[in-house]
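Overview (structure and organization)
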Amino acid sequence: QQQVKQSPQSLIVQKGGISIINCAYENTAFDYFPWYQQFPGKGPALLIAIRPDVSEKKEGRFTISFNKSAKQFSLHIMDSQPGDSATYFCAGGGTSGSRLTFGEGTQLTVNP
Amino acid sequence: NAGVTQTPKFQVLKTGQSMTLQCAQDMNHEYMSWYRQDPGMGLRLIHYSVGAGITDQGEVPNGYNVSRSTTEDFPLRLLSAAPSQTSVYFCASSYEVPSSYNEQFFGPGTRLTVL
């Protein structure tokens with residue numbers, strides 16, 4: 001059973017635009033929601049993460065918005081750049097002992 | 001620090017062959033895990049370990065064995081390879097269960113093809 005659903009599967013954005021990737025989760029025991037960035041031929045790397053006691057977290061051009069009541073969270077990439085072209089994974093898990101469960105991934109392409 | 005290292009980078013097997021994917025970390029992490037990545041399915045947990053001598057099954061453990069004799073190493077064994085095991089395999093580690101206080105680090109991956 002897929003406990004974290006991610007959309008869209010692929011996304012094409014023009015340079016300077018905003019990229020938005022959405023995730024929905026089922027397990028209310030999750031208390032850790034990370035986003036990973038993966039470049040071709042590389043392993044995923046932690047990009048940004050949020051706890052459910054905050055509604056937004058921003059690090060540079062990357063922002064997570066979190067809606068606990070809807071059990072949804074999203075990644076916003078402002079001023080998207082060609083170097084942001086990668087696959088992005090959301091996940092849920094945390095200190096409750098729940099192992100990290102990943103979404104299906106979104107392949108982002110930022111055109112110059 | 002080398003971080004998380006995996007060998008080999010690429011491997012081709014014939015159906016029925018066995019092999020071991022190696023994973024090592026030099027960060028003194030207790031928690032290690034193996035994932036497989038397939039198109040459209042994200043990363044799925046195969047097995048994980050919370051410390052030397054302790055392993056447990058993840059979401060898709062069938063056809064795979066693991067052991068954890070040292071803190072540093074966490075090999076993944078394919079007992080009898082099947083075409084369904086064609087995938088990219090990632091090893092990852094963190095001090096404890098991945099959380100806001102424990103970042104999980106991934107290795108570079110092993111691309112396995114089973115013919």
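Just above, that's the structure.
Summary of the structure given here. Worth saying up front: this structure is predicted, and the values here are computed from it rather than measured.

**A word on the overall build of chain A**
Scanning chain A from terminus to terminus reveals zero helices and 11 strands. Overall, chain A shows an N-to-C arrangement of helices and strands of β-β-β-β-β-β-β-β-β-β-β. Since a compact globule built from 112 residues should have a radius of gyration of about 13 Å, the 13 Å found for chain A is in line with a globular shape. Its C-alpha atoms give chain A principal-axis dimensions of about 40 × 30 × 20 Å. Looking at chain A residue by residue over its 112 residues, the buried ones come to 47%. A fraction of 54% describes how many contacts in chain A between residues 6 or more apart in sequence connect residues 24 or more apart.

**Here's the deal with the environment of B:Glu30**
All names here are of chain B. Relative to the assigned elements, glutamate 30 resides in the loop between β3 (19-25) and β4 (31-37). Residue glutamate 30 is classed as partly exposed on the basis of its relative accessible area, which comes to 34%. The sequence separation of glutamate 30 and glutamine 104 amounts to 74 residues, and the corresponding C-alpha distance is 11 Å. If sequence neighbours within four positions are ignored, glutamate 30 has contacts with Ser49, Val50, Gly51, Ala52, Arg68, Thr71, Ser94 and Tyr95.

**Topic: the environment of B:Gln17**
Residues and elements named next belong to chain B. Structurally, glutamine 17 is set in the loop between β2 (10-13) and β3. Glutamine 17 sits in the partly exposed class, given a relative accessible area of 36%. C-alpha separation for the pair glutamine 17 and alanine 82, spaced 65 residues apart in sequence, amounts to 8.4 Å. In contact with glutamine 17, not counting residues within four places along its chain, are Leu78, Leu79, Ser80 and Ala81. Of the polar contacts made by the side chain of glutamine 17, one reaches the backbone nitrogen of lysine 14; its length is 2.7 Å.

**Some words on the pattern of salt bridges**
Applying the stated criterion across every chain, the model contains six salt bridges over all chains. Linking A:Lys57 and A:Glu59 is a salt bridge whose minimum nitrogen-to-oxygen distance equals 3.7 Å. Connected via shared salt-bridge partners are B:Arg36, B:Asp38 and B:Arg44.

**Details of the state of the cysteines**
Going through the model one piece at a time under the given rule, you end up with two disulfides over all chains. Each sulfur in the disulfide pair A:Cys23 and A:Cys90 lies 1.8 Å from the other. Measuring the twist about the S-S bond at about -95°, one finds the A:Cys23-A:Cys90 disulfide to be left-handed. Of the two residues, A:Cys23 sits in strand β3 (residues 19-25) while A:Cys90 sits in strand β9 (residues 86-92), which places them 67 residues apart along the sequence. Both residues of the pair, A:Cys23 and A:Cys90, belong to the buried class. With its sulfur 1.8 Å from that of its partner, B:Cys23 forms a disulfide with B:Cys91. Note on the B:Cys23 and B:Cys91 pair: the S-S dihedral is about -70°, so by sign convention the disulfide is left-handed. Here B:Cys91 lies in strand β9 (residues 87-94) and B:Cys23 lies in strand β3, a separation of 68 residues in the sequence. By relative accessible area, which is 2% here, B:Cys23 ends up buried.

**Side note on the interface of chain A and chain B**
The partner chain B presents 22 residues to the 20 residues of chain A that form the contact. Three residues stand out in chain A for area buried against chain B, namely A:Pro44, A:Arg99 and A:Phe102, and they jointly supply 31% of the buried area on that side. Along the contact surface separating chain A from chain B lie zero salt bridges. Our count for the contact surface shared by chain A and chain B stands at four residue pairs in polar contact (both at pLDDT 80 or more). Of the residues belonging to the side of chain A that touches chain B, the class tally is seven nonpolar, eight polar and five charged.

**Let's talk about the environment of B:Phe105**
Residue and element names in this part refer to chain B. Here phenylalanine 105 lies in strand β10 (residues 105-106). It is 17 Å that separates the C-alpha atoms of phenylalanine 105 and lysine 9, two residues lying 96 residues apart in sequence. Apart from residues no more than four positions distant in its own chain, phenylalanine 105 is found in contact with Val4, Met27, His29, Cys91, Ala92 and Ser93.

Cut-off values and rules
Residues numbered from 1 in each chain as written. Chains lettered and ligands numbered in written order. Predicted model: local features only at pLDDT ≥ 70, side-chain atom pairs only at ≥ 80, totals over all residues. Heavy atoms only, no water. Helix = DSSP H or I, 4+ residues; strand = E, 2+ residues; numbered from the N terminus. Rg over C-alpha atoms; globule rule 2.2 N^0.38 Å. Buried < 20%, exposed > 50% of the residue type's maximum accessible area, 1.4 Å probe, protein only. Contact = heavy atoms within 4.5 Å. Polar contact = N/O pair within 3.5 Å; in protein donor to acceptor, adjacent residues only side chain to side chain. Salt bridge = Lys/Arg side-chain N within 4 Å of Asp/Glu carboxyl O. Disulfide = S-S within 2.5 Å. Buried area = accessible area lost by both parts, 1.4 Å probe. Nonpolar A, V, L, I, M, F, W, Y, C, P; charged D, E, K, R; others polar.

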